[in-house]
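Each chain, letter by letter, is given below.
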Amino acid sequence: MASAVSPSEVERPKHHPFLIGVSGGTASGKSTVCAKIMELLGQNKVDHRQRKVAIISQDSFYRVLTTDQKSKALKGQYNFDHPDAFDNELMYQTLKDIVEGKVVEVPTYDFVTHSRLQERITVYPADVVLFEGILVFYTQEVRDMFHMKLFVDTDSDVRLSRRVLRDMKRGRDLEQILTQYTTFVKPAFEEFCLPTKKYADVIIPRGVDNMVAINLIVQHIQDILSGDICKWQRSSVGVHGRGFKRVISDQGDTLPGKRISMEPSSRPH
């Protein structure tokens, strides 16, 4: 379980962190986008205790499976893309502790054995926290915690090919991967993940290849880290993520007061 850790050895931040949710379908490039943001900010080379930007994955909050569920998971017959697959209460409490400036320990999930490892990931107070996952916008109480919401919109064929390569590296059989995709992953994406795209403030087609969108997001984070963090606290963004709305064309032009929406020519599925 994730739990708050005594912050005696860590200085509490002056401000509550700016929480950014990053959603999108399986293998859409969410973690890659987050990693690129960290790289451009120079935070990937900073000691984890001193980082101003932290990344957490929703994958860490998969529920501990029963013996029967684990047996199904090993056969590719368990739906990991359903909202009930996640420990939403633990996820919410962890994010709540993070927003309050606490040090937390996040579980580590093993996708080979489908269980939680003994090791925990310690997340120290940061000015900006990126929380990525396929269903981070699905539960309202979690969704309302984000000050900015990003949706990585990648072509379904690209996502499938990435997932196949990723799962085969984890030692899974190709036939099992494809069966699970058509039985669980694709239907769950269409029912649970894709509808949450409407909540996004920023839609990023092509993922990490869309440097126009990523650079704009990085600039916004840099403004926060450089001392302009008070702006979002005083502005209409508020605690529920409302207020950060703009339109960005493929050339990077912006119009104040609108939603960022750079739609790809081909929609997922």
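The coordinates are above.
Residues numbered from 1 in each chain as written. Predicted model: local features only at pLDDT ≥ 70, side-chain atom pairs only at ≥ 80, totals over all residues. Heavy atoms only, no water.

### Comments concerning the overall build of the protein chain
When helices and strands are tallied, the protein chain shows seven helices and 11 strands. Counted over contacts in the protein chain with a minimum sequence separation of 6, partners at least 24 positions apart contribute 75%. Total accessible area computed for the protein chain in this model is approximately 13,100 Å², and 50% of it derives from carbon and sulfur atoms. (Helix = DSSP H or I, 4+ residues; strand = E, 2+ residues; numbered from the N terminus. Contact = heavy atoms within 4.5 Å. Areas by Shrake-Rupley, 256 points an atom, 1.4 Å probe, with all protein chains shown as cover.)

### Brief notes about the pattern of salt bridges
Applying the stated criterion across every chain, the model contains 12 salt bridges. Connected through salt bridges with shared partners, the residues R163, R166, D167, R170 and R172 form a single ionic network. (Salt bridge = Lys/Arg side-chain N within 4 Å of Asp/Glu carboxyl O.)

### As for the packing of aromatic side chains
Following the criterion strictly, the structure yields 11 aromatic pairs and no others. With a centroid separation of 5.3 Å and 90 degrees between ring planes, the pair formed by Y62 and F80 is classed as edge-to-face. Here the residue Y62 occupies a position in the loop between strand 3 (53–57) and helix 2 (67–74), and F80 occupies one in the loop between helix 2 and helix 3 (88–99), the gap between them amounting to 18 residues. Accessibility classification places Y62 together with F80 in one group, the buried group. (Phe/Tyr/Trp six-rings, centres within 6.5 Å; stacked < 30°, edge-to-face > 60°. Buried < 20%, exposed > 50% of the residue type's maximum accessible area, 1.4 Å probe, protein only.)

### Some points on the nonpolar core
Core analysis: the largest hydrophobic core is formed by 23 residues, its most contacted members being I20, I37, V53, V128, L150 and I221. Of all elements in the fold, only strand 2 (18–24), helix 1 (30–40), strand 6 (128–132), strand 7 (148–153), strand 8 (202–205) and helix 7 (211–234) reach the threshold of two or more residues within this core. The element contributing the most residues to this core is helix 7, with seven residues. Every residue in contact with I37, bar those within four places of it in the chain, is listed here: L130, I214, I217, V218 and I221. (Core = buried A, V, L, I, M, F, W, Y, C linked by side-chain atoms within 4.5 Å.)

### Overview of the environment of V185
As for its placement among the helices and strands, V185 is situated in helix 6 (residues 174–193). Judged by its relative accessible area of 1%, V185 falls in the buried class. Separated by 159 residues in sequence, V185 and T26 have C-alpha atoms that sit 7.8 Å apart. Discounting chain neighbours no more than four positions away, the residues touching V185 are T26, D81, R163 and Q180.

### Quick word on the packing of helix 5 (residues 156–169) against helix 6
Orientation of helix 5 relative to helix 6, taken along the N-to-C sense of each, is 135 degrees, at an axis distance of 11 Å. The pairing of helix 5 with helix 6 is recorded here as oblique in orientation. Of the two elements, helix 5 crosses helix 6, and the hand of that crossing is right-handed. Residues S156, R159, L160, R163, V164, D167 and M168 of helix 5 pack against L174, I177, L178, Q180, Y181, V185 and F189 of helix 6. When the residues that make up the contact of helix 5 with helix 6 are grouped by side-chain class, the tally is nine nonpolar, two polar and three charged. (Axes fitted to C-alpha atoms, helices over the stretch in contact; angles between N-to-C directions. Parallel < 35°, antiparallel > 145°, perpendicular 65-115°, else oblique. Left-handed = near helix turned anticlockwise from the far one by under 90°. Nonpolar A, V, L, I, M, F, W, Y, C, P; charged D, E, K, R; others polar.)

These figures come from the coordinates and say nothing about function on their own.
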